[in-house]
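# Structure at a glance
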Amino acid sequence: MAGFPNSRRRLLFRGGLVSRWAAGFRVLSLLSLSIFWSPSTAQSQDVSHLDSLLVANVSFVGDSFFPSDQLQLYVQTRGNRRLAGIPKVYWWRWLYSFGKNTLGGGAIGKVFMATGEPPALLDSSILAADVEQLRLFFEREGFRSATVSSEVIPSRSSKSAEVIFYVDSGNPTHIRTFRYSGLDGLEDAEKADLASKSLLSTGPETPEDPLVWKPSQLRYSAPLLLEERRRLLTYLKNQGFALVGRDSIHAVVYPVSSDSFDVTIDVKLGPRFTFGDLSFSVSGPVSESSFRTDSTYIEASDPSSVGGYVRAEITNEPYLDFDLLTRTLQFQPGDRYNQSRLLATKRRLDATGTFSFTDLGTPTTELSPDAEPRISHQISLRTRVRHQVRFETFMQQRNGALADTDNELGAGLGVTYSNHNLFGGGESFRLRSTGSLAADLGGSGGFTSAQWESSASLAYPYLTFPLGRFDRLANLYEARSQLSLSLLAARRDALRLTLRGRGAMRYRFELRHSESLTSILDMVEITVSNPDTLSGFKEIFLDDVLNAIDDPVQRAQIIEDYTRPQFNNALRYTLRSATSDPFRRESGHYREVTAEVGGNLGRVLDGLVFTPGTIEGSLPGLGVFGGSGVGGRMIYRPYLRLSADIRRYHPWGSRGVVALKMVTGFAHPTGDSDVVPFDRRFYSGGASSVRAWRLRELGPGSARFTSDSDSLVSSTDGSNILGGDIKLELSAELRATVIRSLFSANWIVAFFADAGNVWLGPRNPGNPDGRFRFDQFVSDLGVGAGVGLRLGWDFLIVRLDAAYKVHDPQRKGEFMPDGLRDPVLQFGIGHTF
């Protein structure tokens with residue numbers, strides 16, 4: 001290996017890479033590298049005489065290793081967008097030209113020009129820069145001998161041209177040996193932990209040193225090393241090395257052959273720190289308030305360490321309690337310095353909602369030969385205006401047990417009063433009142449429902465009784481407790497029902513374990529409701545439903561569901577993991593599992609308080625919730641309920657998304673009850689369910705709920721008004737953006753398939769055709785497919801789906817011309833899932 005000295009040298013990253021790494025990786029030139037490899041080359045023909053031709057197409061040819069969509073990100077030469085990918089249909093370029101040339105670029109013309117895009121013209125200087133950028137990209141990714149060239153092929157008319165990039169990636173360079181150097185200050189357990197989480201940890205460790213290993217077929221990648229440096233920097237700062245910075249970490253590369261490197265990351269650790277004193281500087285909006293200070297001494301977590309003071313200077317803020325500042329601390333003075341704990345403290349302060357501004361100031365260090373190095377911090381805070389009143393308008397699409405139809409859209413008005421620091425400890429109080437009207441877009445028109453709702457909530461930015469101690473012990477990402485009360489009154493014309501009162505009280509804890517994982521515990525949830533009937537309820541709705549039910553027990557349950565006041569309580573735990581954008585849903589996942597026990601409080605009050613020693617199955621009514629039924633009493637039904645909602649989003653090219661969903665549920669009555677409460681059952685069918693069936697129209701099983709057995713639809717639309725105890729739904733959807741920024745919206749075409757149903761459980765006395773059986777549940781699945789359109793703005797997504805029945809469990813073995821000919825149209829807000 002002539003030409004290389006035996007001492008190590010830092011590799012010169014060619015062609016502009018130095019500027020990307022200069023902040024953190026010190027590089028020196030290394031001579032005679034051509035002994036080991038031929039440098040990548042970039043070639044392009046002189047096409048300056050072809051400038052201003054329209055770029056018709058850009059393509060990549062050759063062995064490029066990377067997909068064309070990824071290479072496209074590094075070039076600026078591009079053609080105009082085509083409508084739905086149709087060749088030579090440049091819709092947006094036509095809009096631009098129409099506005100500029102035909103309309104003269106006036107006021108109306110500028111609207112067309114803003115909607116369209118200017119002609120994509122060839123620029124030889126940009127093309128040459130694209131070739132160089134591609135070469136640099138391959139070099140950074142370890143393809144040192146890659147060659148890149150370009151060619152411009154004019155069309156026959158000489159008005160446009162095709163641009164071709166020829167790429168030959170060559171053989172990649174691999175990392176033969178990887179090591180960390182300068183980490184002697186770490187403990188053995190820390191070294192092992194650091195190595196186990198390395199992005200380059202893909203081979204066996206060297207026995208004598210856990211920080212050295214030989215990766216197996218790991219391609220050299222400068223961006224990967226940069227990411228490893230970021231990970232290492234974060235890890236060291238969380239282990240107490242507060243002064244470690246990007247300039248403290250350098251990558252050293254040893255070329256050992258034409259296709260391999262040895263890589264060492266050199267680190268200068270510096271001293272390990274503990275947290276010192278902490279100072280808060282708080283300013284508020286109340287100008288006449290006096291200046292005040294407060295402080296307290298806090299012991300270190302380790303008795304062998306010295307604690308420190310927490311001090312606060314508060315200006316123009318008379319309501320803030322000093323305890324809020326100390327309660328949000330996620331570390332104690334005297335603890336080993338950990339940057340994640342410092343950032344967690346800032347995150348907790350932001351989450352209170354009390355502060356409009358938080359800032360971590362420049363820390364100060366204390367270095368003494370007689371004591372551990374300490375680092376002190378100052379946090380600047382600005383409080384919000386305490387009182388706020390907000391008026392709002394909104395759109396909504398109702399669903400659930402008492403929704404009229406899946407195509408019912410509503411609009412409403414609301415007013416909200418907020419107090420961002422009610423008692424001085426960061427408590428957020430909110431009082432909200434809304435009213436709305438809704439209409440059925442798929443029906444006969446006119447308003448179908450009206451609703452009024454008021455709610456009050458009090459949220460604490462920490463865990464309260466009985467989970468207060470768990471907050472600090474669990475080292476949570478965020479935590480919140482909330483007590484809420486709500487009262488609703490509604491009118492549902494399609495069901496011929498009014499809800500004279502529906503009250504709810506809930507005591508909830510939200511425990512955020514990480515950025516993506518959250519636990520939600522509803523310690524107490526109590527709901528009481530009192531349905532009342534409108535004129536014509538019996539003739540228009542109830543008689544038609546009961547005529548389809550032969551079982552007298554089930555008929556009695558339907559009457560109870562729709563006419564009797566009900567009382568329910570629940571203890572519920574939900575575990576939720578979400579990495580996808582809840583609005584766009586283009587990548588990542590959403591998973592939610594829920595376990596719930598309910599109705600037990602009613603049984604306790606029934607058997608121990610109101611009628612000791614006797615189980616009546618109902619409780620005395622209270623005021624507006626008493627109703628006019630049997631003795632004015634409220635019924636309750638104990639139950640157990642489990643559910644899971646799993647969704648996954650896979651990007652498909654640069655414009656598509658493959659979305660998958662599975663929903664399962666199981667509800668089982670307990671005690672003497674044989675059915676679960678009306679609003680805790682499962683339903684299938686609708687705009688966010690199996691779309692070939694209308695809202696609640698599918699199931700249970702293969703049972704029918706129509707008065708005319710020869711018809712698919714009756715006056716109740718074949719709705720499954722009983723619901724089910726078991727649920728299974730599967731959905732797959734391909735979404736592709738075909739038009740971007742037309743009328744400021746992305747036009748998205750969706751192709752989908754849904755399958756699912758609900759079934760009656762083992763204790764439910766309903767129709768045997770609706771029961772779940774392992775040997776036939778697959779044939780009971782309703783299957784639908786269709787196509788849809790979504791219009792996506794930055795703030796709203798509107799969708800329209802046309803779904804067709806492929807398999808109807810109520811018509812097994814029958815050909816379904818109606819289902820194939822007449823689609824079910826579903827309209828909604830937001831993505832289906």
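Just so we're clear, the structure is a prediction, and the values are computed from it rather than from any experiment.

Our next topic: the overall build of the protein chain. When helices and strands are counted, the protein chain shows 14 helices and 33 strands. Each of the 833 residues in the protein chain was classed as buried or not, and the buried ones make up 48%. Once local pairs closer than 6 in sequence are excluded, the contacts in the protein chain between residues at least 24 apart make up 68%. When the accessible area of the protein chain is evaluated, it comes to approximately 39000 Å², of which 55% is carbon and sulfur surface.

Here the focus is the nonpolar core. Counting residues in hydrophobic clusters, the biggest one holds 27 residues, and the most contacted among them are Phe178, Tyr180, Leu183, Leu194, Leu232, Leu236 and Val267. Of all the elements, helix H7 (residues 222-238) adds the most residues to this core, at six residues. What leucine 183 contacts, discounting residues up to four positions off in sequence, is Lys191, Leu194, Leu211, Leu236, Val267 and Leu269.

For helix H9 (residues 339-351), spanning 13 residues, the distance from its first C-alpha to its last is 18 Å, which sits close to the expected 18 Å at 1.5 Å a residue. Turning to H9, its buried residues are Arg341, Leu342, Ala344, Thr345, Arg347, Arg348 and Leu349. Each element contacted by the buried residues of H9 is listed here: strand E10 (274-283), helix H8 (322-327), strand E13 (355-360), strand E15 (371-383), helix H10 (468-473) and strand E20 (478-492). Once H9 finishes, glycine 353 follows within two positions and takes phi at roughly 80°, a positive value.

Another aspect to go through is the environment of proline 700. In this structure, proline 700 sits in the loop between strand E28 (656-669) and strand E29 (726-742). Distance from proline 700 to tryptophan 759, taken between C-alpha atoms, is 4.5 Å for residues 59 residues apart in sequence.

Right, let's talk about the pairing of strand E32 (residues 797-807) for a bit. The side chains of a regular strand alternate, first on one face of the sheet and then on the other. For strand E31 (residues 782-792) and E32, the ladder comprises ten bridges, and the chain directions are antiparallel. Directly across from leucine 789, in E32, lies its bridge partner leucine 800. Taking the residues that link successive antiparallel strands as the turn, the E31-E32 hairpin has four residues. In terms of strand pairing, E32 meets strand E33 (residues 824-829) through six bridges, oriented antiparallel.

Time to look at the packing of helix H3 (residues 91-102) against helix H4 (residues 107-115). Contact geometry for H3 and H4: axes closest at 7 Å, N-to-C directions at 160°. With respect to H4, the axis of H3 lies roughly antiparallel. Both H3 and H4 take part in a crossing whose hand is left-handed. Taking contact as the criterion, the partners of Trp92, Leu95, Tyr96, Phe98, Gly99 and Lys100 in H3 are, on H4, Gly109, Phe112, Met113 and Thr115.

This paragraph deals with the packing of aromatic side chains. Per the counting criterion, the structure on display carries 27 aromatic pairs. Pairing tryptophan 94 with phenylalanine 98 gives two aromatic rings, centres 5.1 Å apart and planes at 15°, and the pair type is stacked. Of this pair, tryptophan 94 and phenylalanine 98 both sit in helix H3, four residues apart, which is roughly one turn of the helix. Taken together, the ring pairs connect Phe65, Phe66, Tyr74, Phe137, Phe138 and Phe143 into an aromatic cluster.

Moving on, we come to a nonpolar patch on the surface. On the surface, a cluster of nonpolar side chains totalling about 360 Å² of accessible area is made up of Leu571, Val597, Leu640, Leu642 and Phe666. Mapped onto the fold, valine 597 is located in strand E24 (residues 588-598). When its relative accessible area of 35% is taken as the criterion, valine 597 is described as partly exposed.

As a further point, take the packing of helix H6 (residues 188-196) against H7. Their axes nearest at 11 Å, the elements H6 and H7 cross at an angle of 150°. By the angle between their axes, H6 is roughly antiparallel relative to H7. Classified by chirality, the crossing of H7 by H6 is right-handed. In this structure, H6 uses Glu190, Asp193 and Leu194 to contact H7, whose residues at the interface are Arg231, Leu232 and Tyr235. In the contact of H6 with H7, the residues fall into three nonpolar, no polar and three charged.

Looking now at the confidence of the model for the protein chain. Here the protein chain averages 84 in pLDDT, while 84% of its residues score no lower than 70. Put simply, helix H1 (residues 17-21) is where the protein chain has its lowest mean pLDDT, 33, and E24 is where it has its highest, 97. Note on residues 400-404: pLDDT under 50 across the span, and 22 contacts to partners over four residues away in sequence or across chains.

What follows deals with the pattern of salt bridges. One pass over the structure, following the stated rule, counts 35 salt bridges. For arginine 502, the salt bridge goes to aspartate 679, with nearest N and O atoms at 3.0 Å. With arginine 502 in strand E21 (residues 497-512) and aspartate 679 in the loop between E28 and E29, this pair connects stretches of sequence that are 177 residues apart. The partly exposed category is assigned to aspartate 679, whose relative accessible area is 26%. What you see here is one network of salt bridges that share partners, running through Arg506, Arg508, Asp522, Glu525, Arg572, Glu596 and Arg680.

For the rest of this paragraph, the subject is H7. Compared with an ideal rise of 1.5 Å per residue, which puts 17 residues at 24 Å, H7 spans 25 Å between its outermost C-alpha atoms and is within 8% of the ideal. Burial runs high along H7: twelve of the 17 residues are buried. Within H7, the full set of buried residues consists of Ala222, Leu225, Leu226, Glu228, Arg229, Arg231, Leu232, Leu233, Tyr235, Leu236, Lys237 and Asn238. Among the residues trailing H7, glycine 240 stands out with phi positive, at a value near 105°.

Attention shifts here to the side chain of glutamate 228. By the element assignment, glutamate 228 lies in helix H7. The exposure class of glutamate 228 is buried, given its relative accessible area of 0%. Among the polar contacts listed, one links the side chain of glutamate 228 to the side chain of arginine 231, at a separation of 2.9 Å. Contact partners of glutamate 228, with chain neighbours within four places excluded, come to Phe178, Tyr180, Ser198, Leu199, Leu200 and Ile265.

With that settled, the discussion passes to the environment of alanine 745. Relative to the elements of secondary structure, alanine 745 occurs in strand E30 (residues 745-759). Spatially, the C-alpha atom of alanine 745 lies 8.9 Å from that of isoleucine 797, the residues being 52 residues apart in sequence. Ignoring any residue separated from it by four or fewer positions in sequence, one finds alanine 745 in contact with Ile739, Arg740, Gly792 and Trp793.

Quick look at the environment of leucine 71 now. As for its position among the elements, leucine 71 is in helix H2 (residues 68-72). A residue is classified by how much of its surface remains accessible, and leucine 71, at 0% relative accessible area, is buried. The spatial distance from the C-alpha of leucine 71 to the C-alpha of glutamine 133 is 9.8 Å, given a sequence separation of 62 residues. Contacts of leucine 71, omitting those with residues within four sequence positions, involve Phe60, Ser64, Phe66, Leu134, Phe137 and Phe138.

Quick look at unusual backbone geometry now. Residue proline 466 is bonded to the preceding phenylalanine 465 through a cis peptide linkage, with omega at 5°. Mapped onto the elements, proline 466 comes out in the loop between strand E19 (447-460) and H10. Omega for the bond connecting glycine 699 with proline 700 falls within 30 degrees of zero, at 0°, which places this linkage in the cis form. Within the chain, phenylalanine 65 stands out as a residue other than glycine whose phi angle is a positive 70°. Tracing the backbone through its elements, the reader meets phenylalanine 65 in the loop between strand E2 (54-63) and H2. Phi is positive for arginine 696, close to 65°, though the residue is something other than glycine. Mapped onto the fold, arginine 696 is located in the loop between E28 and E29.

Analysis parameters
- Residues numbered from 1 in each chain as written.
- Predicted model: local features only at pLDDT ≥ 70, side-chain atom pairs only at ≥ 80, totals over all residues.
- Heavy atoms only, no water.
- Helix = DSSP H or I, 4+ residues; strand = E, 2+ residues; numbered from the N terminus.
- Buried < 20%, exposed > 50% of the residue type's maximum accessible area, 1.4 Å probe, protein only.
- Contact = heavy atoms within 4.5 Å.
- Areas by Shrake-Rupley, 256 points an atom, 1.4 Å probe, with all protein chains shown as cover.
- Core = buried A, V, L, I, M, F, W, Y, C linked by side-chain atoms within 4.5 Å.
- Expected span 1.5 Å × (residues − 1).
- Pairing = 2+ DSSP bridges.
- Axes fitted to C-alpha atoms, helices over the stretch in contact; angles between N-to-C directions.
- Parallel < 35°, antiparallel > 145°, perpendicular 65-115°, else oblique.
- Left-handed = near helix turned anticlockwise from the far one by under 90°.
- Phe/Tyr/Trp six-rings, centres within 6.5 Å; stacked < 30°, edge-to-face > 60°.
- Patch = residues over 30% accessible without salt bridge, like charges linked within 9 Å, V, L, I, M, F, W, Y side chains within 5 Å.
- Salt bridge = Lys/Arg side-chain N within 4 Å of Asp/Glu carboxyl O.
- Nonpolar A, V, L, I, M, F, W, Y, C, P; charged D, E, K, R; others polar.
- pLDDT = per-residue confidence, 0-100.
- Polar contact = N/O pair within 3.5 Å; in protein donor to acceptor, adjacent residues only side chain to side chain.

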